[in-house]
Amino acid sequence: MATVHLRIGDLVWGKLGRYPPWPGKIVSPPKDLKKPRGKKCHFVKFFGTEDHAWIKVEQLKPYHAHKEEMIKINKGKRFQQAVDAVEDFLKKAKGKEQNSDGKGDLKGKKTPSKPLKILEEDDEDLSALKDPSEKDLTDSDPEPSTLERLGAGPGSGFKWESSPVKDDPHFHHFLLSQSEKPASSMEPISKRLKIIEEDTGSTSIQAADSTAINGSITPTDKRIGFLGLGLMGSGIVSNLLKMGHVVTVWNRTAEKCDLFIQEGARLGRTPAEVASMCDITFSCVSDPKAARDLVLGPSGVLQGIRPGKCYIEMSTVDPETITELSQVITSRGGRFLEAPVAGSQQLSNDGMLVILAAGDRTVYEDCSSCFQAMGKTSFFLGEAGNAARMMLILNMVQGSFMATVAEGLTLAQATGQSQQTFLDILCQGQMASTFVDQKCQNILQGNFKPDYYLKHIQKDLRLAISMGDMANHPTPMAAAANEVYKRAKALDQSDNDISAVYRAYIH
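These lines cover the structure that appears in this document, whether it is placed above or below.

Basis of the calculations
Residues numbered from 1 in each chain as written. Predicted model: local features only at pLDDT ≥ 70, side-chain atom pairs only at ≥ 80, totals over all residues. Heavy atoms only, no water. Helix = DSSP H or I, 4+ residues; strand = E, 2+ residues; numbered from the N terminus. Buried < 20%, exposed > 50% of the residue type's maximum accessible area, 1.4 Å probe, protein only. Phe/Tyr/Trp six-rings, centres within 6.5 Å; stacked < 30°, edge-to-face > 60°. Core = buried A, V, L, I, M, F, W, Y, C linked by side-chain atoms within 4.5 Å. Polar contact = N/O pair within 3.5 Å; in protein donor to acceptor, adjacent residues only side chain to side chain.

A word on the environment of Gly-76. Here Gly-76 is to be found in the loop between α1 (67–73) and α2 (77–98). Residue Gly-76 is classed as partly exposed on the basis of its relative accessible area of 37%. Between the C-alpha atom of Gly-76 and that of Thr-377, which follows or precedes it by 301 residues, the distance is 9.4 Å.

Below you can see the structure in the form of structure tokens.
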């Protein structure tokens, strides 16, 4: 983000590490809180959370000037709630200006405009926090309370007053969660998990927003194991390490472990050794056979499972494989959770995956800091197998959509239309998305570097079609898309990106 000149009290968009820009307000830090050394930064209170952070100036943008831009690229429920909180705040501020009750020297007249103090490197004065819409305070006046500043209503839950805080040494941006209890900044995110039953009265779990965008992660003190350092696993492990988790890694190709050992990970010689050394072991491999072999094969995970040990299967596999793995793990006294992820290599690297979990709910809660490190949102879907079903449906839709877009691009070319113009029009309509834009641009540039392997999306389509057969549900669109991907595989595109399905139409 470009460098801007901002003041205390300004509304901004703050970019916090790997997380998306989020609305906030520049405020004064507590007097006993030192600024991080290095580049100039401001102390920001984020709307929709109870979090504050030191944000570098170049990672800030004025709120109003970039509002439309940010709303277009961020569509999540939590994000919209944060934007609504900003609008509530602005309405209350405007109402105070127009309907002043005339207390003190300001009775019957408008608050004079006054320059706001810019937060400098040595500025730790809490009284510098003043809103243009608030009454003019003398140096001896106390900071207005939360209720005095925001009034009653939806915005009153946002606490702007300072309170005792602790910084998380594992978080480089010094983000703080404020509460009346100093230790609350270290509260595990599992206490914020939401598990919602459907209105129908079904006991199935509909959704659970868990991971906050704030990055205030207190890593679990449990020892973490991770098996499989492919496109997705590598990014996940990197983020676990960055957020302070103790991680032991294993990969079939041992050389892939070297980079993570340099970053502080420990090395496990076999899956069994990792499972026996660690409290929680994650696995992320390519397909059902690899998932079974990892658990049931020689020196497999099962040999290292003891009562209380947790095993989390993150691979995208069929529900039957999940059921089998769950049964063998729990038969040894272990605890099982499936947690496949929706996303790509880039989203994995950025810690912005969507995690679908099912199985042992207590394991889900125990892994809250891990899921927060690797993803932007997680959903708990009930009994084991449900996450596999949901993941296959999502990938079925994604794979079918990608094949359709590729078909449209090639049809445009075959009928003498500009492919770039087709893309430009597509990206201005209702189907506009980062996914469409990036995949199509890569196709036009001939760039098929894998972000999600074509062979894996074809595997997911095959498994989804099989799942449809078992449920006696037709999947003709997925079946047609599957044939196109099979042709692309025959053209040696298996290890390219899913967008390489385009080549099935031009050969």
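Another aspect to go through is the packing of aromatic side chains. Scanning the model with the defined rule gives eleven aromatic pairs in all. Residues Trp-13 and Phe-79 carry aromatic rings whose centres are separated by 5.8 Å and whose planes lie at 20° to one another, so their mutual orientation is stacked. One end of the pair, Trp-13, is in strand β1 (residues 11–14); the other, Phe-79, is in helix α2, with 66 residues separating them in the sequence. Accessibility assignment for this pair places Trp-13 and Phe-79 in one class, buried. On the numbers, 5.1 Å between centres and 40° between planes, the contact of Tyr-364 with Phe-380 is tilted. Of this pair, Tyr-364 sits in helix α11 (residues 361–366) while Phe-380 is found in strand β17 (residues 375–380), placing the two residues 16 residues apart along the sequence. Judged by relative accessible area, Tyr-364 falls into the buried class, the value being 1%. Note on Phe-380: relative accessible area 4%, which makes it buried. Taken together, the aromatic side chains of Phe-226, Phe-282, Tyr-364, Phe-371 and Phe-380 make up a single cluster linked through ring pairs.

Attention now moves to unusual backbone geometry. Although it is not a glycine, Ser-299 sits at a positive phi angle of roughly 55°. Since its relative accessible area comes to 31%, Ser-299 is described here as partly exposed. At Asn-472, a position not held by glycine, the phi torsion is positive, near 55°. Position of Asn-472 relative to the elements: it lies in the loop between α16 (454–470) and α17 (476–490). Residue classification places Asn-472 among the exposed residues on the basis of a relative accessible area of 73%.

Turning next to the nonpolar core. Residues Phe-226, Leu-240, Phe-282, Ile-312, Met-314, Phe-371 and Met-374 are the most contacted members of the largest nonpolar core, which totals 35 residues. The set of elements that each furnish at least two residues to this core consists of β9 (224–227), α4 (231–242), β10 (247–250), β12 (280–283), β13 (310–313), β16 (353–359), α11 and α12 (368–374). Ranked by the residues each element gives to this core, the list is headed by α4, at five residues. Within the second largest apolar cluster, 31 residues are counted, among which are Leu-392, Ala-403, Leu-409 and Val-436.

What follows concerns the side chain of Ser-369. With respect to the helices and strands, Ser-369 occurs in helix α12. Separated by 3.0 Å, the side chain of Ser-369 and the backbone nitrogen of Thr-220 make a polar contact. A distance of 2.8 Å separates a polar atom in the side chain of Ser-369 from a polar atom in the side chain of His-245.

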